Amino acid sequence: MIPAPFSYRRAASVDEALAVLTEHGDDAKLLAGGHSLLPLMKLRLAAPELLVDISPIDELRYVRTDGDDVVIGAMSRYHDLQGDSVLREHAPLLAHVSGVVGDQQVRHRGTIGGSIAHADAAADLPAAVLACDGVLVARGPKGERRIPAAEFFVGPFTTSLEPDELLTEIRVRKQDGTGWGFEKFTRRAIDWAIVGVAVAGGSVALINMAGTPIRATATEEALAGGASNAEAARLAAEGTNPPDEAHASSRYRQHLAKVLAERALVQAATRG
Ligand SMILES: Cc1cc2nc3c(=O)[nH]c(=O)nc-3n(C[C@H](O)[C@H](O)[C@H](O)COP(=O)(O)OP(=O)(O)OC[C@H]3O[C@@H](n4cnc5c(N)ncnc54)[C@H](O)[C@@H]3O)c2cc1C
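What counts and what doesn't
- Sequence order sets the numbering: in each chain, residues are counted from 1 along the sequence as written.
- Given that this is a predicted model, residues contribute local features only at a pLDDT of at least 70 and side-chain atom pairs are listed and counted only at 80 or more, while totals for whole chains, interfaces and linings are drawn from all residues.
- With hydrogens and water excluded, all non-hydrogen atoms of the structure serve as input to the side-chain values.
- Numbering of helices and strands runs from the N terminus, with a helix taken as a DSSP run of H or I at least four residues long and a strand as a DSSP run of E at least two residues long.
- Here the globule rule reads 2.2 Å times residues to the power 0.38, and the radius of gyration is calculated from C-alpha atoms.
- Burial classification: accessible surface area is computed with a 1.4 Å probe over protein chains only, and a residue below 20% of its type maximum counts as buried, one above 50% as exposed, and the rest as partly exposed.
- Only heavy atoms enter the contact rule, under which two residues are in contact if any of them lie within 4.5 Å.
- Positive charges come from Lys and Arg, negative ones from Asp and Glu, while His and the chain ends are left out of the count.
- A charge is said to be at NZ when it belongs to Lys, at CZ for Arg, at CG for Asp and at CD for Glu.
- Any pair of nitrogen or oxygen atoms within 3.5 Å is treated as a polar contact; in protein, a donor-acceptor pairing is required on top of that, and neighbouring residues in sequence qualify only through side-chain atoms on both sides.
- The near set for a molecule or strand comprises every residue that places at least one heavy atom within 4 Å of it.
- Put simply, Ala, Val, Leu, Ile, Met, Phe, Trp, Tyr, Cys and Pro go in the nonpolar bin, Asp, Glu, Lys and Arg in the charged bin, and everything else, Gly too, in the polar bin.
- Note on pairing: DSSP must find at least two bridges between two strands before they are called paired.
- Interaxial angle, 0 to 180 degrees, is taken between N-to-C directions of lines fitted to C-alpha atoms, where a helix line uses only the stretch in contact.
- For Phe, Tyr and Trp, rings pair up if their centres lie within 6.5 Å, where Trp contributes its six-membered ring, and each pair is then called stacked (planes under 30 degrees apart), edge-to-face (over 60) or tilted (otherwise).
- The criterion is that NZ of a Lys, or CZ of an Arg, lies within 6 Å of the ring centre and within 35 degrees of the ring normal, and then a charge sits over that ring.
- Only protein atoms enter the 1 Å grid used here, on which a cavity is any set of points holding a 1.4 Å probe that cannot leave and a pocket is any open set flanked by protein within 12 Å on both sides along at least five of seven lines; residues with an atom within 4 Å of a point are listed as lining.
- Grid points are joined across faces, edges and corners, and a volume is the space filled by probe spheres set on the points.
- For each domain, the first and last residues come from an automatic or database assignment.
- For our purposes a nonpolar core is just a set of buried Ala, Val, Leu, Ile, Met, Phe, Trp, Tyr and Cys residues, chained together by side-chain atoms within 4.5 Å.

- The name recorded for the chain in an unreviewed UniProt entry is Carbon-monoxide dehydrogenase medium subunit, from Saccharomonospora amisosensis.

## Points about the overall build of the chain
Working step 1: Check the secondary structure of the chain and you find twelve helices and 14 strands.
Working step 2: Here the C-alpha atoms of the chain give a radius of gyration of 18 Å, agreeing with the 19 Å that 2.2 N^0.38 yields for 272 residues.
Working step 3: C-alpha extents for the chain along the principal axes are approximately 55 × 45 × 35 Å.
Working step 4: Here the chain, with 272 residues, has 50% of them falling under the buried criterion.
Working step 5: Looking at the chain alone, contacts between residues at least 24 apart form 62% of all its contacts between residues at least 6 apart.
Working step 6: Here the chain contributes 28 positive and 35 negative side-chain charges, whose respective centroids are spaced 5 Å apart.

## Digging into the environment of Gln254
Working step 1: Relative to the helices and strands, Gln254 resides in helix H12 (residues 250–269).
Working step 2: Filtering out sequence-adjacent residues up to four positions away, Gln254 remains in contact with Met209, Ala237, Thr240, Asn241 and Pro242.
Working step 3: In terms of polar contacts, Gln254 uses its side chain to reach the backbone carbonyl oxygen of Thr240, at 2.9 Å.

## Details of the site of the ligand
Working step 1: As a structural note, the neighbourhood of the ligand is formed by 29 residues, with Leu30, Gly34, Ser36, Tyr78 and Thr111 the closest of them.
Working step 2: One of the backbone N or O atoms of Ser115 is found 3.4 Å from an oxygen atom in the ligand.
Working step 3: Within the side chain of Trp192, an N or O atom sits 3.4 Å from a nitrogen atom of the ligand.
Working step 4: Within the residue set of the shell around the ligand, elements represented by two or more residues are strand S2 (28–31), helix H7 (112–118) and strand S10 (166–173).
Working step 5: Counting residues per element, the shell around the ligand draws most heavily on H7, at four residues.
Working step 6: Looking at side-chain class alone, the shell around the ligand contains 15 nonpolar, ten polar and four charged residues.

## What to know about the sheet that holds strand S3 (residues 50–53)
Backbone hydrogen bonds are what pair the strands of a sheet, in a parallel or an antiparallel way.
Working step 1: Within the open sheet, the three strands sit side by side as S1-S3-S2. Their pairing is parallel. In the strand order of this sheet, the two ends are held by strand S1 (7–10) and S2, each with one partner. Averaged over all neighbouring strand pairs, the angle between strand axes comes to 25°, with direction disregarded.
Working step 2: Sheet topology note: the S2/S3 ladder contains four bridges and is parallel.

## Structural notes on the packing of aromatic side chains
Working step 1: Per the counting criterion, the structure on display carries two aromatic pairs.
Working step 2: On the basis of an interplanar angle of 85° and a centroid distance of 5.2 Å, the ring pair of Phe152 and Phe153 is categorised as edge-to-face.
Working step 3: Centroid distance Phe185 to Tyr252: 6.3 Å. Interplanar angle 85°. Geometry classified as edge-to-face. Separated by 67 residues along the polypeptide, Phe185 in strand S11 (residues 180–185) and Tyr252 in helix H12 bring together distant segments of the chain.
Working step 4: Over the aromatic face of Tyr62 sits the side chain of Arg64, whose NZ or CZ is 3.9 Å from the ring centroid.
Working step 5: For Arg271, the ring lying beneath its charged end belongs to Trp180, and the centroid distance is 3.8 Å.

## Some remarks on the layout of surface pockets
Working step 1: If you add up the space inside the second largest pocket, you get close to 300 Å³.
Working step 2: If you go around the second largest pocket, you meet 16 residues; those closest to its centre are Ala122, Trp192, Ala193, Asn208 and Glu245.
Working step 3: Each residue belonging to the lining of the second largest pocket can be placed in one class, and the counts come to eight nonpolar, three polar and five charged.
Working step 4: The residues that make up the lining of the second largest pocket include at least three from each of domain 2 (58–173) and domain 3 (180–270).

## Brief notes about the nonpolar core
Working step 1: Residues Ile72, Leu87, Leu93, Leu94, Ile116, Leu136 and Ile170 are the most contacted members of the largest nonpolar core, which totals 40 residues.
Working step 2: For this core, the element with the most residues is helix H8 (residues 124–131), which contributes six residues.
Working step 3: Ignoring anything within four residues of it in the chain, the contact list for Ile116 reads Pro126, Val129, Leu136, Phe152, Phe153, Thr159, Leu167 and Ile170.

Here is the structure:
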């Protein structure tokens, strides 16, 4: 449980962090809340030579509106987001989900940007952002680019971010009046989801049903065609093939996806 030796730098600004990433390339790794990276380092599944601590970058800690969008700085912590009045008003799904990640300790250190960049298919925020058709903003030496969530998550723990890019913000359309729901099934309260479902209007995203968060497209199409919540939810596992794992077989996970989808859709019908 002791990480391999590494060097440590604190970055006080986005520009400073980018300069260090450009100088050190693949040898450097950003450290945000550390709640995914440090456990990996202790297990020696990650052994970066240099950790670039971006937690002092206050310029990336905000929630604000920008025209039709709500914009969240990547270094915003779950604890800040769950109670943020702007987020609760314009993107209540994201505020709610921030409040059910891990436990108090995790929510006080973990960041939305860290969760999205880490791209664990069992994580909550990536699926919630996908359900909201979010856009991820990255900055690197070539400037800024905006990546739709549907193109951002490319594989297990893999995103379309370049090694010298930093995720700076998460943008979603204001969800005013949009029904939303969220359900996750866990073994213990603080565990990652065995399966979860996020609903934003007619969009339905699944947690831990594939190597990335995915949309339940058959359910979405059925809803758009006028199916009832129950009918549409029965299609939630269509096209999925989640592997058996210690706490749930593949078939059980598919069953959970349908049950949780119906519950989340029923919630969404009463909210917004
Ligand atoms: C006990 C425990 C329970 C947990 N339960 C849950 C849960 O129920 N649901 C859930 O979703 N998550 C859960 N988590 C994970 C938690 O949400 C992490 O905080 C999150 O996955 C990573 O965020 P972080 O800020 O800690 O990132 P870090 O661990 O610091 O970084 C994670 C990765 O992202 C990269 N990175 C970080 N920020 C950026 C950035 N701005 N730009 C580019 N790359 C970046 C890092 O280089 C690293 O590779 C749990 C963690 C623990 C320890």
